[in-house]
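# Breakdown of the fold
Given next are the chains, with one letter for each unit.
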There are 2 protein chains.
Amino acid sequence: MSSYAVIGTGALGGYYGGLLARNGADIHFLMRSDADYAREHGLRVDSKNGNFVVHPVHAYHNVDEMPQCDFVIVALKSTQNDALIELLPSLMHNKSYAIVLQNGLHVEASTEAIVGKGRVMGGCCFLCSNKAGPGYIRHLDYGTILLGAYRGMDGKSPAVPSEIVQSVVQDFSAAGVPIEGTDSLQLARWKKLMWNIPFNGLSVVLNASTDQIMNTPPSRQLAEAIMQEVREAALACGENIPVSHVDLLMDHTDKMVPYDSSMRLDYLAGRPMEIQAIFGNPLAAAHQAGFSARIVQTIHDQLQFLQATRER
Amino acid sequence: MSSYAVIGTGALGGYYGGLLARNGADIHFLMRSDADYAREHGLRVDSKNGNFVVHPVHAYHNVDEMPQCDFVIVALKSTQNDALIELLPSLMHNKSYAIVLQNGLHVEASTEAIVGKGRVMGGCCFLCSNKAGPGYIRHLDYGTILLGAYRGMDGKSPAVPSEIVQSVVQDFSAAGVPIEGTDSLQLARWKKLMWNIPFNGLSVVLNASTDQIMNTPPSRQLAEAIMQEVREAALACGENIPVSHVDLLMDHTDKMVPYDSSMRLDYLAGRPMEIQAIFGNPLAAAHQAGFSARIVQTIHDQLQFLQATRER
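About the cut-offs
Residues numbered from 1 in each chain as written. Chains lettered and ligands numbered in written order. Predicted model: local features only at pLDDT ≥ 70, side-chain atom pairs only at ≥ 80, totals over all residues. Heavy atoms only, no water. Helix = DSSP H or I, 4+ residues; strand = E, 2+ residues; numbered from the N terminus. Rg over C-alpha atoms; globule rule 2.2 N^0.38 Å. Buried < 20%, exposed > 50% of the residue type's maximum accessible area, 1.4 Å probe, protein only. Contact = heavy atoms within 4.5 Å. Areas by Shrake-Rupley, 256 points an atom, 1.4 Å probe, with all protein chains shown as cover. Lys, Arg positive; Asp, Glu negative; His and termini not counted. Charge placed at Lys NZ, Arg CZ, Asp CG, Glu CD. Buried area = accessible area lost by both parts, 1.4 Å probe. Salt bridge = Lys/Arg side-chain N within 4 Å of Asp/Glu carboxyl O. Nonpolar A, V, L, I, M, F, W, Y, C, P; charged D, E, K, R; others polar. Pairing = 2+ DSSP bridges. Right-handed = clockwise from strand over helix to strand, strands pointing away. Expected span 1.5 Å × (residues − 1). Least-squares fit on C-alpha atoms with pLDDT ≥ 70 in both. Phe/Tyr/Trp six-rings, centres within 6.5 Å; stacked < 30°, edge-to-face > 60°. Lys NZ or Arg CZ within 6 Å of the ring centre and 35° of its normal. Axes fitted to C-alpha atoms, helices over the stretch in contact; angles between N-to-C directions. Left-handed = near helix turned anticlockwise from the far one by under 90°. Polar contact = N/O pair within 3.5 Å; in protein donor to acceptor, adjacent residues only side chain to side chain.

Scanning chain A for helices and strands turns up twelve helices and ten strands. Here the C-alpha radius of gyration of chain A, 19 Å, is about what a compact globule of 312 residues would show, namely 20 Å. Seen along its three principal axes, the alpha-carbon backbone of chain A occupies a region of about 50 × 40 × 40 Å. Here chain A, with 312 residues, has 56% of them falling under the buried criterion. Excluding contacts between residues fewer than 6 apart, the proportion of contacts in chain A whose partners are at least 24 apart in sequence is 69%. Carbon and sulfur atoms make up 50% of the accessible area of chain A, which amounts to about 12,900 Å² in all. Distance between charge centroids for chain A: 2 Å, based on 24 positive and 31 negative side chains.

So, in structure tokens, the structure goes:
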């Protein structure tokens, strides 16, 4: 049985880790100040698929209390990636792999720089959940993961062996997580960005919910134009997303329950926004490939302004 | 001596008209509900160049009380241009000309449609003033006008004879207005849009003053990128503005006193914004010329969203 460590037991790490733990996995959670509470009361997950509590739970204040594990799940916000250099090394033995479950593009790069090439998987998560209290996660909807090898900024890092990816897929599947392996993590990342860039960005800049953006003609048109531009950027980077994916995303968003994007929740709560991961890195990749994504750059600059003036 | 009518005795029409009146011009002001007050107390202008009161003043509630005039100054906000069809015809005889002193591009088109081709001049005004009360204008800074013949949407309307333009330049000059005639009204309009589009747009979307935009790196960079795109749009429309004009405008804006754009003042006061004149018309002209101005379109859509949701 493989062992897992979870770095960042929040809305995402707490949910997926909780499912693995419920299924009996050997799993260890970095929980900081929540660790005492979780040791006493367990890790609670309220989910539309059924509520449960994992008790006892392996909860830790610090990484130096934690054992080395076969897989380390990186589930922090990418804005905290600077902390990884202190967190990852002691958790990994020389056959460990990292699984980066963060939003954005090339969010795996800082993990790869620490753990080495060919040791990193990335997962695109389609999850709607939040942290409701210490050791308490509320899962609202969705939950699918697309998991694949991360091949580096230049696409030339050696791939994590497919049997390793498959073993993780099996562990998560067995725990009840809808998960698929993918041969093209970057394609999956860009497809997700086609939604995340317009709706995270506009929800903050326009101070609007997703349904307000969809139901007001000028913002609906703008969201669609942004999707098109992200598609163009992906294409410049070698990832060919069919044009029909725009319609599919618009249609899907029309049918969503009214929803606040993660970036808007961060902004409203005064937390740093994942501007670099969701906007800055895709812009840099597109620029590198010779494509100037003017609308995305505009939204990026506006978000940076809002973040900078809020910090004053 | 030529006679003048002023349609819209606000910050702009009240200021320029007031200067003409002080200089003894035969000038008639449409003042709506302010007319009684102005007849009793005069038209008051507090200006950094010296305060004065015009008394008596020819103030009117409605156009049908007003005489026909040689020149009709259109100084309404362009958002009220729908009203021109009711206002202009009775003021004009068959040798009258209209002088459109409004912000934006092709703001003269609705006037031309009423008074006919070859009868319309446009003026770019660089003026900082506001209406402080009934018949009371406060002039803060600047005031230069660039005045030229309006040649229609297609650039093919016959030009107002240059001696007519010159006679207006002389009347305004004699009244103390810094004014120049121009052979290329469109070039002047686009040059002004290079400032108005970034600073009117961003001040509303980012809820920021001009100096805040200039002093925060991401918004400063965005303002400059917008200027560059407006320059590209102008070029596509046949108006070649030197690249150095961007630096000149940035430098000029750095030195301005902290200032709220007219669009931001409109937005904060709950008045309609001049989105069509300042954004929509330039976008349509650029599109017609085969240029897609993505950043300008983005800001346009965001402004429309803000206007639409405010109206709800």
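Next comes the rest of the write-up.
What follows covers the interface of chain B and chain A. The partner chain A presents 26 residues to the 26 residues of chain B that form the contact. For the pair chain B and chain A, the summed buried surface comes to about 2,200 Å²; carbon and sulfur atoms form 59% of the total. Broken down residue by residue, the surface that chain B buries against chain A is led by Leu-206, Arg-294 and Phe-305 of chain B, which jointly contribute 29%. For the pair chain B and chain A, the interface holds four salt bridges. Of all the secondary-structure elements, those providing two or more residues to the side of chain B that touches chain A are α6 (185-205), α7 (210-215), α8 (217-236) and α12 (294-311) of chain B. Broken down by element, the side of chain B that touches chain A gets its largest block of residues, eleven residues, from α12 of chain B. For the side of chain B that touches chain A, the per-class residue count stands at eleven nonpolar, ten polar and five charged.

Turning next to the pairing of strand β2 (residues 26-30) of chain B. Residue and element names in this part refer to chain B. Counting buried residues along β2, four of its five residues qualify, which places the element largely inside the surrounding structure. Taken together, the five bridges between strand β1 (residues 3-7) and β2 define a ladder with parallel strand orientation. Each residue of the ladder has a partner; that of Ser-3, found in β2, is Asp-26. Traced from β1 through helix α1 (residues 13-22) to β2, the parallel crossover comes out right-handed. With three bridges joining them, β2 and strand β5 (residues 58-60) adopt parallel strand pairing. Opposite His-28, over in β5, you have His-58 as the bridge partner.

Let's shift gears to helix α12 (residues 294-311) of chain A. End to end, α12 of chain A covers 26 Å across 18 residues, agreeing with the expected 26 Å (1.5 Å per residue, within 8%). Taken residue by residue, α12 of chain A has Ile-295, Val-296, Thr-298, Ile-299, His-300, Asp-301, Gln-302, Leu-303, Phe-305, Leu-306, Gln-307 and Thr-309 of chain A as its buried positions.

Moving on: the relation of the copies chain B and chain A. Mapping chain B onto chain A is achieved by rotating through 180 degrees and translating by 0.0 Å along the same axis, at an RMSD of 0.0 Å. With respect to symmetry, the two chain copies, as superposed, fit the operation of a two-fold axis. For chain B, the smallest separation between a C-alpha atom and the rotation axis is recorded for Ile-295 of chain B, amounting to 2.8 Å. The overlap is high: 100% of the interface residues of chain B also sit at the interface in chain A, so the same surface is used on both sides.

All names here are of chain A. The omega torsion of the bond from His-55 to Pro-56 falls at 0 degrees, within 30 degrees of zero and hence cis. In this structure, Pro-56 sits in the loop between β4 (52-54) and β5 (59-60). Although it is not a glycine, Arg-32 sits at a positive phi angle of roughly 50 degrees. Mapped onto the elements, Arg-32 comes out in the loop between β2 (26-30) and α2 (35-41). Assessed through its relative accessible area of 41%, Arg-32 is described here as partly exposed.

Attention shifts here to the packing of aromatic side chains. Residues and elements named next belong to chain A. This model, assessed by the stated rule, comprises twelve aromatic pairs over all chains. The ring centre of Phe-52 lies 4.4 Å from the NZ or CZ of Arg-22, which sits over that ring. Above the ring of Tyr-97, the side-chain terminus of Arg-119 is found at 4.9 Å from the ring centroid.

On to the pairing of β1 of chain B, then. Residue and element names in this part refer to chain B. Counting buried positions along β1 yields five of five residues, so the element is predominantly enclosed. Because side chains alternate across β1, one face comprises the buried residues Ser-3, Ala-5 and Ile-7, and the other comprises Tyr-4 and Val-6, equally buried. Two strands pair when backbone bridges link them, and β1 and strand β6 (residues 69-74) are joined in this way by four bridges, in the parallel orientation. Residue pairing across strands places Ala-5 opposite Val-72, the latter belonging to β6.

With that settled, the discussion passes to the packing of helix α11 (residues 275-288) of chain B against α12 of chain B. Residues and elements named next belong to chain B. The geometry of α11 relative to α12 is characterised by a closest axis approach of 10 Å and an angle of 145 degrees between their N-to-C directions. The element α11 and its partner α12 pack so that their crossing is left-handed. Counted together, Ile-275, Phe-279, Gly-280 and Leu-283 of α11 and Val-296, Gln-297, Ile-299, His-300, Leu-303, Gln-304 and Gln-307 of α12 form the full contact between these two elements. Classifying every residue of the contact of α11 with α12 gives six nonpolar, five polar and no charged.

With that out of the way, let us pick up the environment of Ser-173 of chain A. Residues and elements named next belong to chain A. Here Ser-173 lies in helix α5 (residues 162-174). A residue is classified by how much of its surface remains accessible, and Ser-173, at 36% relative accessible area, is partly exposed. On a C-alpha basis, the gap between Ser-173 and Leu-19 in space is 9.9 Å, while along the polypeptide they are 154 residues apart.

Time to look at the pattern of salt bridges. Pairing of side chains with opposite charge becomes possible as their charged atoms draw close. With the rule as written, the count across this model stands at 24 salt bridges over all chains. Ionic pairing is found between Asp-251 of chain A and Lys-255 of chain A, a salt bridge with its closest N-O pair at 2.9 Å. One end of the pair is Asp-251 of chain A and the other is Lys-255 of chain A, both in helix α9 (residues 244-255) and four residues apart, which spans about a single turn. Across the pair Arg-271 of chain B and Asp-266 of chain B runs a salt bridge whose closest N-O atoms are separated by 2.8 Å. Several salt bridges converge on common partners, so that one network encompasses Lys-77, Asp-266 and Arg-271 of chain A.

Right, let's get into the side chain of Ser-261 of chain B. All names here are of chain B. As for its position among the elements, Ser-261 is in the loop between α9 (244-255) and α10 (262-268). A distance of 3.4 Å separates a polar atom in the side chain of Ser-261 from a polar atom in the side chain of Asn-200. Only 3.1 Å separates the side chain of Ser-261 from the backbone nitrogen of Arg-264, close enough to count as a polar contact. Discounting chain neighbours no more than four positions away, the residues touching Ser-261 are Phe-199, Asn-200 and Ser-203.

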